[in-house]
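Structural characterization, general
Chain residues, written in single-letter form:
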Amino acid sequence: MTNNTPKLHPLSLRKAVELYRILAPHLPQDLSEETPALSYVQQTIDSMKEKDKGAYLQAVLLMTNLDVTELAEKDSMAILELFIEGLSVNEVALLVTWCKGLGLNYG
Amino acid sequence: MEIHAGRLSVDVQKAKLHVWFQLEELRGSIQTAAESGELDRLVESIFAYLSAASGIDKEFHDLPWREVALAVGQISKLNELKIKYPLFDARDKEDAPPWDYVGRSWFVWVNILARAYGWNVEYIENLEVETGIALLQEVLVDEQLNREFQWGMSENAFSYDPASRASKFVPLDRPNWMKPPFKPAKKIYINTNILPMGKVISLDEQYAKTTPLVS
């Protein structure tokens, strides 16, 4: 991890549900326990690049609470690290399961 | 039951009838908000659910989502009904009457119980959930059986069939939850000895082959 990396905290309910709304159309559907985490992240990012380029940065901004100016100063690798860490800190796989259990479905 | 959500520790008791009723309405609101994708309403309903159950309000708003989800799950489990009441087995959703309004359902319950037992609103609000629901169901059953008895003594309960020159009793319709549950059709096993042998010709296929299409 590079210096000046903000410490990420789990999101509140309101922001977590918003994160789910951003990520849900891009998350891989056919997921098994053997799916490596990096493959999961790669498929998500690939889908965002193809369908909604803004979603990736929206997700990073939401998870890090940085503003656009601060994010623009970071290189792409740093942003990717933040994205991956954000998914981990917010237990996105569990968030998806919970939201789907409530009946919230996107994508 | 102690609920630990992050740094928050709250003692939550099993809800009495009125609070349980509110929690059920909020669960319905959570479900409809989720199904329609209304995120703001979903989040507000979840916080309202936690507030109604625990008596505290804003403290849940900044907690990590996982703690909030766990708290919702624990409260839901604490207040779930252990008995499956036929009263809640609504097979057909009935249209709301013209005099319906938001929040009316609770007062329907209070009216039925107060009329039957002479209780006041505060007493009914603090009934144990299982007791309240069971008594409500019994009052509704009694009222329906009384109506059926009155109906049976009325001329309208008998229809005359001119063909057979006999009167036939027409029972009063019951609400769906008082009717026997649907049973799937019984499978009938046909002995292979009586099944047709050889190639089975479908008359529909034959007709389709011989009747030309009209152009």
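So, here's what we can say about the structure. Predicted, not measured: the structure shown is a model, and the values here were computed from it.

1. A look at the overall build of chain A
Looking only at helices and strands, chain A features six helices and zero strands. For chain A, the succession of helices and strands along the chain, N to C, is α-α-α-α-α-α. Across the 107 residues in chain A, those meeting the buried criterion constitute 42%. When contacts within chain A are restricted to residue pairs at least 6 apart in sequence, long-range pairs at least 24 apart make up 70% of them.

2. Here's the deal with the interface of chain A and chain B
Each side of the interface is counted separately: chain A has 18 residues, and chain B has 20 residues. Together chain A and chain B conceal approximately 1600 Å² of surface at their shared face, both sides included; 71% is due to carbon and sulfur atoms. A salt bridge links Arg66(B) to Glu91(A); the shortest N-O distance between them is 3.2 Å. Across the contact surface, chain A and chain B share four residue pairs in polar contact (both at pLDDT 80 or more). Mapped onto the side of chain A that touches chain B, the elements with two or more residues apiece are helix H1 (13-23) and helix H6 (92-102) of chain A. Broken down by element, the side of chain A that touches chain B gets its largest block of residues, six residues, from H1(A).

3. Let's talk about the pattern of salt bridges
Within the structure shown, the criterion is met by 13 salt bridges over all chains. Glu143(B) serves as the salt-bridge partner of Arg115(B), at 2.7 Å between the closest nitrogen and oxygen. Of this pair, Arg115(B) sits in helix H4 (residues 104-117) while Glu143(B) sits in helix H6 (residues 129-152), placing them 28 residues apart in sequence. The exposed category is assigned to Arg115(B), whose relative accessible area is 52%. When salt bridges that share partners are traced, they join Arg14(A), Asp40(B) and Glu44(B) into one network.

Rules of the game
Residues numbered from 1 in each chain as written. Chains lettered and ligands numbered in written order. Predicted model: local features only at pLDDT ≥ 70, side-chain atom pairs only at ≥ 80, totals over all residues. Heavy atoms only, no water. Helix = DSSP H or I, 4+ residues; strand = E, 2+ residues; numbered from the N terminus. Buried < 20%, exposed > 50% of the residue type's maximum accessible area, 1.4 Å probe, protein only. Contact = heavy atoms within 4.5 Å. Buried area = accessible area lost by both parts, 1.4 Å probe. Salt bridge = Lys/Arg side-chain N within 4 Å of Asp/Glu carboxyl O. Polar contact = N/O pair within 3.5 Å; in protein donor to acceptor, adjacent residues only side chain to side chain.

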